[in-house]
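Each chain, written out:
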Amino acid sequence: MAMAKKFSTTSGIQIKEVYTGPSDMDELPGEFPYTRGIQKDMYRGKAWTMRQYAGFSTAEESNKRYHYLLSQGTTGLSVAFDLPTQIGYDSDHELSEGEVGKVGVAIDSLEDIEILFDGIQLKDITTSMTINATAAILLAMYIALAKKQGANLSQISGTIQNDILKEYAARGTYIYPPTPSMRLITDVFEYCSKEVPKWNTISISGYHIREAGSTAVQELAFTLANGKAYLKAALEKGLDINVFAKRLSFFFNCHNNFFEEIAKFRAARRMWAHITKELGATDAGAQKLRFHTQTGGSTLTAQQPLNNIIRVSNQALAAVLGGTQSLHTNGYDEALSLPTEAAAKIALRTQQIIAFESGVTDTVDPLAGSYFIEALTNEIEAAAQLYIDKIDAMGGAVKAIEQDYIQQEIAASAYQYQNDIESGEKVLVGVNKFTQQEDAPSNVFRVDDSIRKMQVEKIAKLKNKRDNLAVEKSLQLLRIAAMDTKNLMPFIVTSVENYATLGEIADTLRSVFGEY
């Protein structure tokens, strides 16, 4: 029998798995309401998933970056899609001009997904896909490829963001009105609970709310309010909260204020545990808040970009001390362009140094019992709850978004933050203090506009060789199903397998649902 690993400091002092204090601090990790973490042993048992967000240009180029990241120790993939893919336009659509492959990879059909994951067995990895309005279509493509690879669908795992409410509130890549959008999301919940049970069907995102300018409290409150809306929508569809809630995950930002961010994550777990319990969840797995963290993109500066390495390190450490399950660290050059390979490697090494050199993973929730952290956790929870109570009084997150309440609150905070920077009240090193003259950066990553021509040619070839009658039939069946109340996922999967393009599928749904 193998001996249990011993944890100790460099001086040989033994480190306990968990530390407790007086009786008023007797909550343990892995126990309701999970303030101290959702697992008893946290990172002693397994490190967080080191998942570097990547995708640019064509599927061929992104595939090379994925193989590189995997060779460097990434333990999960995270796919960034270009803007046309996010809003349901093929690369040959007139509105796609100038955007193809720029902020992510261009995906027009199952053919592109096959290239994107060439040489990568989906059964052996977890994949996160940051996609919302077209999430059902991209998930269908992933499932179709898994089937072609011979994978057992009950075993493949990963996450689609699939969080349309934050798109209305903060980001803007929505297509359809809220009601049919919510239908698509709950159709995914229902389909995956039966066909792909290990798949995380939504990543309820505070990240973009924070990037739009919210405070930490607002990010927490609005994200959990959206989460409540998804729970209630699924319950109205007749789904079992003890089943579908286990597949919900969250996606948070980690900003610059070190202790505030740690307290925010601790408060989030506790609040979600009570929310799910109040809505009927009795299974512990359905009460636990699992989350991915990305360091703050809006905190990166184009001035003195190497300073961003320190910012990212600070934020990554806060995410780990806050108990994240998955982490992406931004490249230091992302205020200038897509990350270069060198920047992506340093970002990954940042996580690895925290995991294997810092010692912060040797015990669970090491800051528990700190007067400051415990008080701050309580205060953030109380402030976030005031927002949630106000949103509940409006009728929930959908009504609050329709009344422009959430958007106005975010805008007011963003305005105040910018004023504080411009007045010097808030210091940004290298921006409004400790500045210096700099030459324009030369080593930036640019995606050439010729990418669109390549994608357009690829689509034309695909349409010439596929069975167009089968495509037309599958899209017609999808249209009929959209006018009815049937679950749309099987129809989308069939259309994808016939090599209907993303734009053709999105347009079929547009013809029924309209645009928002």
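Before reading further, recall that the structure is shown in the block above.
Keep in mind it's a predicted model, so treat the numbers as computed, not measured. (Residues numbered from 1 in each chain as written. Predicted model: local features only at pLDDT ≥ 70, side-chain atom pairs only at ≥ 80, totals over all residues. Heavy atoms only, no water.)

Chemist: For this particular structure, what's the right way to read the packing of aromatic side chains?
Modeler: Think of a pair of aromatic rings as described by two things: how far the centres are apart, and how the planes are tilted against each other in angle. Enumeration over the complete set of coordinates arrives at 19 aromatic pairs. Aromatic side chains Phe-117 and Tyr-142 sit 5.4 Å apart centroid to centroid with 90 degrees between the ring planes, which places their arrangement in the edge-to-face category. Here the residue Phe-117 occupies a position in the loop between α3 (110-116) and β3 (126-130), and Tyr-142 occupies one in helix α4 (residues 135-148), the gap between them amounting to 25 residues. You'll find Phe-117 and Tyr-142 in the same group, each marked buried. Measuring from ring centre to ring centre gives 5.4 Å for Phe-259 and Phe-372, while their planes differ by 70 degrees; the resulting arrangement is edge-to-face. A residue pair is termed long-range when its members are at least 10 positions apart, and Phe-259 in helix α10 (residues 258-278) and Phe-372 in helix α14 (residues 371-394) qualify at 113 residues. Given the relative accessible area of 35%, Phe-259 is considered partly exposed. Put simply, the rings of Phe-250, Phe-252, Phe-265, Trp-272 and Phe-291 touch in pairs and so form one group of aromatic residues. Between the NZ or CZ atom of Lys-277 and the centre of the ring of Phe-32, over which it lies, the distance is 4.7 Å. (Phe/Tyr/Trp six-rings, centres within 6.5 Å; stacked < 30°, edge-to-face > 60°. Helix = DSSP H or I, 4+ residues; strand = E, 2+ residues; numbered from the N terminus. Buried < 20%, exposed > 50% of the residue type's maximum accessible area, 1.4 Å probe, protein only. Lys NZ or Arg CZ within 6 Å of the ring centre and 35° of its normal.)

Chemist: Got a minute to help me understand the sheet that holds strand β5 (residues 199-200) in this structure?
Modeler: Pairing between sheet strands relies on hydrogen bonds along the backbone, with the strands arranged either parallel or antiparallel. An order of β5-β4-β3-β2-β1-β9-β8-β7-β6 is seen for the 9 strands of this open sheet, with the pairing classed as parallel. Every other strand in the sheet has two partners, leaving β5 and β6 (202-205) as the edge strands with one partner each. Strand direction decides the pairing type here: β6 and strand β7 (residues 248-254), joined by 4 bridges, are parallel. Bridging from a neighbouring strand, Ser-205 pairs with Phe-251 of β7. Set on the sheet, helix α1 (residues 59-71) makes contact with β1 (49-54) and β2 (76-80); between it and β2 the angle comes to about 150 degrees. Where α4 meets the sheet, it contacts β3, β4 (157-160) and β5, and its direction lies at approximately 155 degrees from that of β3. (Pairing = 2+ DSSP bridges. Contact = heavy atoms within 4.5 Å. Axes fitted to C-alpha atoms, helices over the stretch in contact; angles between N-to-C directions.)

Chemist: Just to check I follow, could you spell out the environment of Gly-514 for this structure?
Modeler: Locating Gly-514 in the fold gives a position in the segment after α20 (502-513). What makes Gly-514 partly exposed here is its relative accessible area of 25%. With residues up to four places along the chain from it excluded, the contact list for Gly-514 reads Ile-175, Tyr-176, Pro-177 and Leu-509.

Chemist: Please clarify how the layout of surface pockets should be interpreted in this entry.
Modeler: Rolled over the atoms, a probe sized like a water molecule indicates the empty space that remains. Roughly 810 Å³ of internal volume is contained in the largest pocket. Along the walls of the largest pocket sit 39 residues, with Thr-49, Arg-51, Asn-200, Gln-325 and Ser-326 positioned nearest its centre. Counting residues per element, the ones that place at least two in the lining of the largest pocket are β1, β3, β4, β7, β8 (291-295) and β9 (326-328). Ranked by residue count, the leading element in the lining of the largest pocket is β3, at 5 residues. Per-class residue counts for the lining of the largest pocket are 11 nonpolar, 22 polar and 6 charged. (1 Å grid on protein atoms, 1.4 Å probe; cavity = no way out; pocket = protein on both sides within 12 Å on 5 of 7 lines; lining within 4 Å. Points joined across faces, edges and corners; volume = space filled by probe spheres on them. Nonpolar A, V, L, I, M, F, W, Y, C, P; charged D, E, K, R; others polar.)

Chemist: Can you walk me through the pairing of β2 in this structure?
Modeler: Consecutive side chains along a regular strand alternate between the two faces of the sheet. β2 sits mainly inside the fold: 5 of its 5 residues count as buried. Here β2 shows a buried face lined by Gly-76, Ser-78 and Ala-80 and a second buried face lined by Leu-77 and Val-79. Bridge count between β1 and β2: 4 bridges; the pairing is parallel. Bridged to Arg-51 within β2 is Gly-76.

Chemist: Looking at this model, I keep getting lost on the pairing of β3. Mind explaining?
Modeler: When you tally the buried positions in β3, you get 4 out of 5 residues, the bulk of the element. Bridging between β2 and β3 involves 4 bridges; their strand directions are parallel. Note that in β3 the partner of Ser-78 across the bridge is Ser-128. Bridge analysis of β3 against β4 gives 4 bridges, and the strand direction is parallel. Counted as the bridge partner of Met-129 is Ile-160 from β4. Regarding topology, α4 serves as the crossover connection from β3 to the parallel β4, and that connection is right-handed. (Right-handed = clockwise from strand over helix to strand, strands pointing away.)

Chemist: Would you mind showing me how to read α1 here?
Modeler: Counting along an α-helix, one turn takes 3.6 residues, and residues three or four places apart therefore face a common direction. Across its 13 residues, α1 extends 18 Å between first and last C-alpha, which sits within 8% of the 18 Å expected from 1.5 Å per residue. Every buried residue belonging to α1 is among Ala-59, Ser-62, Asn-63, Arg-65, Tyr-66, Tyr-68 and Leu-69, and all of these are buried. Summarising the contacts, the buried residues of α1 are in contact with β1, β2, α3 and α13 (341-357). Positive phi appears at Gly-73, one or two residues downstream of α1, with a value of about 110 degrees. (Expected span 1.5 Å × (residues − 1).)

Chemist: Can you help me understand the pattern of salt bridges in this one?
Modeler: Close approach of charged atoms allows side chains with opposite charge to pair. As enumerated under the stated definition, the model contains 26 salt bridges in all. Residues Asp-124 and Lys-123 are paired through a salt bridge, measuring 3.2 Å at the closest nitrogen-oxygen approach. Of the two residues, Asp-124 and Lys-123, neither departs from the other in class, the shared state being exposed. Its salt-bridge partner being Lys-147, residue Glu-497 comes within 2.9 Å of it at the nearest N-O pair. Residue Glu-497 is found in helix α19 (residues 489-497), and its partner Lys-147 is found in helix α4; the two are separated by 350 residues along the sequence. Residue class for Glu-497 comes out partly exposed when judged on its relative accessible area of 30%. It is possible to trace a salt-bridge network through shared partners that takes in Arg-36, Arg-266, Asp-365 and Glu-374. (Salt bridge = Lys/Arg side-chain N within 4 Å of Asp/Glu carboxyl O.)

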